[in-house]
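What follows is the residue order along each chain.
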Amino acid sequence: MFDWLIVGAGFAGSVLAERIATQRGESVLIIDRRSHIGGNAYDCYDDAGILVHRYGPHIFHTNAQSIVDYLSQFTAWRPYEHRVLSAVDDKLLPIPINLDTINKLYDLDLTSEQLEEFFASKREIVDEVRTSEDVVVSTIGRELYEKFFRGYTRKQWGVEPSELSKSVTARVPTRTNRDDRYFSDSFQCMPAHGYTRMFERMLTHPRIKVLLQTDYREIRHLIPHRQLIFTGPIDEFFDWKLGRLPYRSLDFKHVTLDREQFQPVAVVNYPQTEQYTRITEYKHLTGQRHSQTSLTYEYPTDTGDPYYPVPRPENEALYKRYLALADAQSDTWFVGRLATYRYYNMDQVVGQALATFARIQTRDTQPAAAFVEAAQ
Ligand code: FAD
Ligand code: UDP
């Protein structure tokens, strides 16, 4: 009998396995239906010997020092600031849109103050900013929305930006200065030896057993356990009994080229005519030196592994109904991007897992505290 069965060896499951084994001394079986740990953050050396991310580019960034401190127990870091270019009108321009983006796109020489006036003259008045279209057109206007956001978003999500919650495109800010970093968080780094190495160190503990290529749906009645942590899709856990929650997927095309460098930065976005949304060149992320280079093209699709919850009101409403079922489930915890249907970054999932662990600890001390109180 295991104290805990954890479904999913990504960030959510691995953080909880590590905490439970080291802080509570309880036994954990962590399973994953894939053939590896790390979830979507998994990285590995490809046939050419280049470190690549199997599920697209993963850049660690956060403002939470406590999350950095926690993960730093398992990895050293390589400082890395992510920069992205967008292929628009046959030019490669910085995204998020900044002063250089506009000056290069329109062959202008604006200052930051003039750019603010430029945006003010372009932006549309939107009474209530609700959708991913509203948030962009009310900041920079329709022309830039069409060039940089509409096509990318339609490809990525399969719907118009006007059908998605504002939180999606609001992830990408607009700047009037020349800051060309994709993220502005205080901590931006890559695990020095890769994500998988970091996960191996989290999960190497005598009280943790790892079982791969094992689907919870096939073994759920076979492995005795006291408590369960589930990090897969929440609708799947309940056999889709309230209907399917939509998740967006990606097809990844991985290629290796016989040249040292393909593009000037790690990621180039394609918001216009191509079928793919972006191309990632990993050596920029990892700093690896190699005579060849490996790339990933991302083609969005509705079928395949679930990667992205789709933020829109009707999906949130269905998720809330699943959440009610989850809340009624004793001794089962739902954690992570798929199980809580949240478009979370890695640091947010780590934060959510650590918060769940704190709740597990409090729950177990509460009866004792209540007992002491009652006795007084
Ligand atoms: P996952 O990593 O999805 O892990 C869940 C695991 O559960 C999976 O391995 C799955 O196989 C397993 N599982 C599910 N159901 C079952 C079952 N029934 N039985 C057994 N196993 C099961 N975040 C950032 O911070 N920075 C980035 O740059 C970034 N880039 C991203 C790029 C892409 C293309 C994608 C898709 C995501 C990106 N993210 C990024 C988000 C990041 O991947 C997630 O926040 C994080 O990996 C989520 O961890 P998780 O444990 O919740 O889920
Ligand atoms: N987006 C866009 N154009 C871009 C970059 C992003 O329209 O050049 C929109 C798109 O809808 C995307 C969302 O903003 O899905 C969030 O972008 P982010 O880079 O955060 O996506 P992720 O890395 O999570 O796939």
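Relevant structure appears above.
What this report covers is the structure whose coordinates are included nearby. (Residues numbered from 1 in each chain as written. Chains lettered and ligands numbered in written order. Predicted model: local features only at pLDDT ≥ 70, side-chain atom pairs only at ≥ 80, totals over all residues. Heavy atoms only, no water.)

Along its length, the protein carries 12 helices and 17 strands. Here the protein has a C-alpha radius of gyration of 22 Å; the compact-globule value for 376 residues is 21 Å, and the two agree. Counting only C-alpha atoms and orienting by the principal axes, one finds that the protein spans roughly 75 × 55 × 40 Å. Buried positions account for 54% of the 376 residues belonging to the protein. Expressed as a percentage of contacts within the protein between residues at least 6 apart in sequence, the contacts between residues at least 24 apart total 71%. Computed over 44 positive and 50 negative side-chain charges, the inter-centroid distance for the protein is 3 Å. (Helix = DSSP H or I, 4+ residues; strand = E, 2+ residues; numbered from the N terminus. Rg over C-alpha atoms; globule rule 2.2 N^0.38 Å. Buried < 20%, exposed > 50% of the residue type's maximum accessible area, 1.4 Å probe, protein only. Contact = heavy atoms within 4.5 Å. Lys, Arg positive; Asp, Glu negative; His and termini not counted. Charge placed at Lys NZ, Arg CZ, Asp CG, Glu CD.)

This part is about the site of ligand 2. Surveying the vicinity of ligand 2 reveals 16 residues, the closest of which are Thr153, Arg171, Tyr182, Tyr308 and Tyr343. With respect to ligand 2, the side chain of Tyr308 contributes an N or O atom lying 2.5 Å from an oxygen atom. With the chains in place, 93% of the 520 Å² that ligand 2 exposes on its own is no longer accessible. It is helix α6 (residues 142-157) that provides the largest number of residues to the shell around ligand 2, a total of 6 residues. Partitioning the shell around ligand 2 into residue classes produces 10 nonpolar, 4 polar and 2 charged. (Near = heavy atom within 4 Å. Polar contact = N/O pair within 3.5 Å; in protein donor to acceptor, adjacent residues only side chain to side chain. Areas by Shrake-Rupley, 256 points an atom, 1.4 Å probe, with all protein chains shown as cover. Nonpolar A, V, L, I, M, F, W, Y, C, P; charged D, E, K, R; others polar.)

Quick look at the packing of helix α3 (residues 99-106) against α6 now. Relative to each other, α3 and α6 sit at 95°, their axes nearing to 13 Å. By the criterion of interaxial angle, the relationship of α3 to α6 is roughly perpendicular. Contact residues: α3 offers Thr101, Ile102, Leu105 and Tyr106, while α6 offers Glu143, Leu144, Lys147 and Phe148. Tallied by class, residues from the contact of α3 with α6 come to 5 nonpolar, 1 polar and 2 charged. (Axes fitted to C-alpha atoms, helices over the stretch in contact; angles between N-to-C directions. Parallel < 35°, antiparallel > 145°, perpendicular 65-115°, else oblique.)

This part is about the sheet that holds strand β10 (residues 208-211). Judged by pairing direction, the sheet is parallel, and its 5 strands sit side by side in the order β10-β2-β1-β11-β17 without closing on themselves. Strands with a single pairing partner mark the edges of an open sheet, and in this sheet they are β10 and β17 (332-334). Across the sheet, the axes of successive neighbouring strands diverge by a mean angle of 20°, strand direction being ignored. Pairing geometry for strand β11 (residues 225-230) and β17, over 3 bridges, is parallel. Following the sheet pairing, Phe230 is matched in β17 by Phe334. (Pairing = 2+ DSSP bridges.)

This next bit is on the pattern of salt bridges. The tally for this structure, following the rule as stated, stands at 29 salt bridges. One salt bridge in this structure joins Glu18 and Arg19, with 2.8 Å as the shortest N-O distance. For Arg181, the salt bridge identified is with Glu81, shortest N-O distance 3.2 Å. A residue pair is termed long-range when its members are at least 10 positions apart, and Arg181 in the loop between α6 and β9 (187-191) and Glu81 in the loop between β6 (77-79) and β7 (84-88) qualify at 100 residues. The class of Arg181 is buried, set by a relative accessible area of 17%. Salt bridges sharing partners connect three or more residues here, namely Glu81, Arg83, Arg175, Asp179, Asp180 and Arg181. (Salt bridge = Lys/Arg side-chain N within 4 Å of Asp/Glu carboxyl O.)

A few words on helix α7 (residues 195-203). Within α7, burial applies to Tyr195, Thr196, Met198, Phe199, Met202 and Leu203. Relative to the axis of α7, the buried residues are bounded by an arc of 155° and lie together on one face. (Arc of directions from axis to C-beta.)

On to helix α4 (residues 112-122). Regarding α4, the residues found buried are Leu115, Phe118 and Phe119. Buried residues of α4, viewed axially, fall in a sector of 95°; they line one side. Exposed and oriented more than 90 degrees from the buried face of α4 are Glu113, Glu117 and Ser121. In this fold, the buried residues of α4 make contact with α3, α5 (132-140) and α6.

What links the strands of a sheet is backbone hydrogen bonding, and the strands pair in either a parallel or an antiparallel sense. What the 7 strands build is an open sheet, ordered β8-β7-β13-β14-β15-β12-β16; its pairing is mixed. Each edge of the sheet is formed by a strand with only one pairing partner; in this case those strands are β8 (91-95) and β16 (308-309). Summarising the sheet, strand β12 (residues 247-257) and strand β15 (residues 293-301) pair through 9 bridges and their orientation is antiparallel. Residue pairing across strands places Asp251 opposite Tyr299, the latter belonging to β15. Where α3 meets the sheet, it contacts β7 and β8, and its direction lies at approximately 160° from that of β8. Here α6 sits on the sheet in contact with β7, β8, β12, β13 (267-269), β14 (278-281), β15 and β16, set at roughly 105° to β12.

It is worth spelling out the packing of aromatic side chains at this point. Going through the model one piece at a time under the given rule, you end up with 27 aromatic pairs. Taking the centre distance of 6.1 Å and the plane angle of 75° together, the rings of Phe60 and Phe187 count as edge-to-face. Here the residue Phe60 occupies a position in strand β5 (residues 60-62), and Phe187 occupies one in strand β9, the gap between them amounting to 127 residues. The pair Phe60 / Phe187 is uniform in exposure class, with both members buried. Connected via pairs of aromatic rings, a cluster forms that spans Tyr216, Phe230, Phe237, Phe238, Tyr322 and Phe334. In this structure, Arg171 packs its charged tip against the face of Tyr343, placed 3.9 Å from the ring centre. (Phe/Tyr/Trp six-rings, centres within 6.5 Å; stacked < 30°, edge-to-face > 60°. Lys NZ or Arg CZ within 6 Å of the ring centre and 35° of its normal.)

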